[in-house]
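These are the residues of each chain, in order.
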Amino acid sequence: MRLTALTSTTSAAARHLARAKAPTVAAAATPSLARQISSQPKTASSLALRSPSQSASTHASFSSHPAQGTPSARSNSSISTSTSTSSVGTSRPSHTSSLLSQLQSRGLSTLGSQSAGFNQSSVIPTSALIDVTTLPNKVRVATEATPGHFSAVGVYVDTGSRLERAWVPGESGVSHLLDRMAFKSTTNRTSDQMTSEIEALGGNVMCSSSRETIMYQSSVFNKDVPAVLSILADTILNPLLSPQELDVQREAAAYEISEIWNKPEMILPELLHTVAYSGNTLGNPLLCPIESLEAMTADNLRNFMKTWYTPDRIVVAGAGMPHEQLVELSEKLFGHIQPSASSSSSSTNPRSSVTRSNSTSSASSSGSSSQSSLFSSPSSSSSSSSSASSSSGSADFSTAASRKAQQVSSLSASASSELAGAKAQYTGGELYLPRDDLEFTHVYVAFEGLSIHDDDIYALATLQILLGGGGSFSAGGPGKGMYSRLYTNVLNQHHAVDYCAAFHHCYADSGLFGIAASVHPSFNGSIVHVIARELELCTSGLYQGSVTAAELARAKNQLKSSLVMALESRLVEVEDLGRQIQAHGKKVSVEEMCERIDRVDLEVLHRVATRVLRPQKANVVLNHGLGSGQATVVAQGQLDGLGDVRDLLARRGLGVPASSSAGLSA
């Protein structure tokens, strides 16, 4: 087609892991998807899934004070555990002493120091801090034993926009509205009661949705963990979803959507996914389409929750409390949920039951669905696209026309299993949106990246850090990406370039990798050549100006430090834990991640860059070989002089030519 969730800049360790800070609340929790889409992801979180987020996400939150550990910025994925644990003394709260007892019972000691400096032998392996229990109904409970004055707890549901069915009226965008309807009236609490109870806790409570996960999480004082988990369970299991509250949120969402459509840096990353996965799974809009918003009813929300909010798709994660406490609370609040007829078959991979274990078997996030029209913007002038053409086949659930007769609101067990197991199909494509009123021309160039389960994901994350980039007016400096290649080779050399940065989104079965740029229209004829040149230099050491060993070492150190520092946040820590259990069925330790990053050398970097950017030359196919191998291009602004971007890229060996409609079959 001639047609990103989020663009990553220089240090994606805060990506799906890190969330935009929750606003101070005095009334309802109806916060901004705009803030989430506009947050520029940084990259280490691309390693364990987020998405994150992962990718753009919607976001609803309460914050009655600036609590410690509030994440900032959105990710398409999570990372790993922190390497630091506070030493424990007798003055710690009783629950902290309980955590220390757990550590001591395993023959472990907390971090310490010697007069000569840090005592490396006293470091606790982060894998030893993790406990996972699977309840009889398959709800998984995971904790990380890191003592402190604050605890974080979250409930992670293995569903999102990729599981929405575009052919069912009012279902496209339901994840967006479920996010906005969080912490409203339930069968046990009125909306006012919910707000007052949350404010009384003095912490952060938030809901956030993405393409593969809907998460409810909080950071509170240790003593308030039972109270806040009760609130999370109530809004998840007993939402009232009244027509009156839905009308209010529908109106607020419509305003939010119109604002996002008027900001290229917010809407273009979203459109990039729609074009890259045309008609299927990850191409489903995260931002609720206006036509679906008008048709949506409370029944759409209830049916979606009934289908996908099943115990085998729920992970309860906590950091800072004893494992036994969270297991007991989870049994009380979630243990009564009965698996639906389709729950055992709706997950992509079965999860193994583990009790009091430090490891679980692998699991992958599920999901797939069809695309809803995201090109009908709130105003007719916002979606004036030029020609559209697409190649490659579409997934089983991508053709709405073949399912016109299936205008049903609920799924059978077999249908939900098929929908959950459908794999993402990268189609590639292009979309050009003329806007003469914009100061800059905005161009996004993407290629199919790697899934979160691919061993090369660490090399690709390193490549994104190495390219880095950002805006022309940056408060950067040493350690802030100012020496990344897109800064030194593009922003510092071409003054017509206002913004240029690499982005990286990874999901359960595919991903997107590329470069976004905003330039003065006078530079339209050159920007694609500049982008192509920077990508080419990553694929081989034979080019003049290719990546040096010193640049690679700096990028690896920056990625590792971003990863570790992001985990100092309680909310990042718990989200990382919950989403890793959801994605992998286990927690990949920060030590293992750093070790895998250290293994990346120039040969590996060139091989992985070639695999993604020049798939026709790679020996290993991407993501089951379902993708077309073509580039994806989205551009908006004054487009004169831009030319045929995909053709130019293909002539330089970047991506498969659009005429090769057969794609890259395995």
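Residues numbered from 1 in each chain as written. Predicted model: local features only at pLDDT ≥ 70, side-chain atom pairs only at ≥ 80, totals over all residues. Heavy atoms only, no water.

Draft legend 1. Quick peek at the overall build of the protein chain. What the protein chain contains, in helices and strands, is 20 helices and 15 strands. Burial analysis of the protein chain (666 residues in total) assigns 65% to the buried set. (Helix = DSSP H or I, 4+ residues; strand = E, 2+ residues; numbered from the N terminus. Buried < 20%, exposed > 50% of the residue type's maximum accessible area, 1.4 Å probe, protein only.)

Draft legend 2. A look at the nonpolar core. In this structure, Phe183, Tyr216, Leu229 and Phe334 are the most contacted members of the largest nonpolar core, which totals 78 residues. A domain-level breakdown of this core finds at least three residues from each of domain 1 (128-335) and domain 2 (429-652). Each residue touching Phe334, except ones within four places of it in the same chain, is listed here: Asn137, Val139, Val155, Leu229, Ala233, Leu237 and Val316. Membership of the second largest hydrophobic core comes to 65 residues, among which are Val443, Val445, Leu463 and Ala502. (Core = buried A, V, L, I, M, F, W, Y, C linked by side-chain atoms within 4.5 Å. Domains from an automatic or database assignment. Contact = heavy atoms within 4.5 Å.)

Draft legend 3. Region of interest: the packing of helix 4 (residues 191-201) against helix 5 (residues 225-237). Direction vectors running N to C along helix 4 and helix 5 enclose 150°, while the axes themselves pass 10 Å from each other. The orientation of helix 4 relative to helix 5 falls into the category roughly antiparallel. The crossing of helix 4 and helix 5 is left-handed. Across the interface between the two elements, Met194, Glu197, Ile198 and Leu201 from helix 4 touch Ala227, Val228, Ile231, Asp234 and Thr235 from helix 5. In terms of residue class, the contact of helix 4 with helix 5 is made up of six nonpolar, one polar and two charged. (Axes fitted to C-alpha atoms, helices over the stretch in contact; angles between N-to-C directions. Parallel < 35°, antiparallel > 145°, perpendicular 65-115°, else oblique. Left-handed = near helix turned anticlockwise from the far one by under 90°. Nonpolar A, V, L, I, M, F, W, Y, C, P; charged D, E, K, R; others polar.)

Draft legend 4. Quick peek at the packing of aromatic side chains. Enumeration over the complete set of coordinates arrives at three aromatic pairs. Arranged with centres 5.7 Å apart and planes meeting at 80°, the rings of Tyr277 and Tyr426 form a pair that is edge-to-face. Here Tyr426 lies in the loop between helix 12 (413-421) and strand 10 (429-434) and Tyr277 lies in the loop between helix 7 (264-276) and helix 8 (290-295), a separation of 149 residues in the sequence. Classification of Tyr426 by relative accessible area gives buried; the value is 0%. Between Tyr444 and Phe503, the aromatic rings sit 6.2 Å apart at their centres with planes inclined by 40°, giving tilted as the arrangement. Of this pair, Tyr444 sits in strand 11 (residues 441-448) while Phe503 sits in strand 13 (residues 497-506), and the two are 59 residues apart along the sequence. (Phe/Tyr/Trp six-rings, centres within 6.5 Å; stacked < 30°, edge-to-face > 60°.)

Draft legend 5. Up close: the pattern of salt bridges. Counted by the stated rule, this structure contains 28 salt bridges. The partner of Arg485 in a salt bridge is Glu551, and the shortest N-O contact between them spans 2.8 Å. Highlighted residues: Arg485 in helix 14 (residues 485-491) and Glu551 in helix 16 (residues 549-566), separated in sequence by 66 residues. Comparing Arg485 with Glu551, the two get one shared label, buried. For Glu573, the salt bridge goes to Arg570, with nearest N and O atoms at 3.1 Å. Placement of the pair is Glu573 and Arg570 together in helix 17 (residues 570-584), with a separation of three residues, close to one helical turn. We note that Glu573, like Arg570, is buried. (Salt bridge = Lys/Arg side-chain N within 4 Å of Asp/Glu carboxyl O.)

Draft legend 6. The arrangement of unusual backbone geometry in detail. The phi dihedral of Leu241 falls on the positive side, at around 50°, and the residue is not glycine. For Leu241, the position within the fold is in the loop between helix 5 and helix 6 (243-261). Although it is not a glycine, His624 adopts a positive phi angle of roughly 70°. Counting through the fold element by element, His624 comes out in the loop between helix 19 (602-613) and strand 15 (632-637).

Draft legend 7. Main features of the sheet that holds strand 10. Taking strand neighbours across the sheet as the criterion, the six strands line up as 10-15-11-14-13-12 in an open arrangement whose pairing is mixed. Unpaired on one side and paired on the other, strand 10 and strand 12 (469-471) mark the two borders of the sheet. Strand-to-strand twist of the sheet, defined as the mean angle between neighbouring strand axes without regard to direction, takes the value 15°. One ladder, built from three bridges, connects strand 12 with strand 13; its direction is antiparallel. In the sheet register, Gly470 faces strand 13, and the bridge partner there is Cys500. Lying on the sheet, helix 7 is in contact with strand 10, strand 11, strand 13, strand 14 (511-519) and strand 15; it crosses strand 15 at an angle near 150°. (Pairing = 2+ DSSP bridges.)

Draft legend 8. Molecular detail of helix 10 (residues 323-334). Taking 1.5 Å as the rise per residue, helix 10 with twelve residues should run 16 Å; its terminal C-alpha atoms sit 16 Å apart, in good agreement. Turning to helix 10, its buried residues number three or more, namely His323, Leu326, Val327, Leu329, Ser330, Leu333 and Phe334. An end-on view of helix 10 places all buried positions within 165° of arc, on one side of the element. Of the exposed residues in helix 10, the ones pointing more than 90 degrees away from its buried face are Glu328 and Lys332. (Expected span 1.5 Å × (residues − 1). Arc of directions from axis to C-beta.)

Draft legend 9. Structural context of the packing of helix 13 (residues 457-467) against helix 16. One can describe the packing of helix 13 onto helix 16 by two numbers: an axis separation of 9 Å at closest approach and a directional angle of 105°. As the angle between them shows, helix 13 and helix 16 are arranged roughly perpendicular. On helix 16, the residues touching Tyr458, Ala461, Thr462, Ile465 and Leu466 of helix 13 are Glu551, Leu552, Ala555, Lys556, Gln558 and Leu559. Taken together, the residues of the contact of helix 13 with helix 16 break down into seven nonpolar, two polar and two charged.

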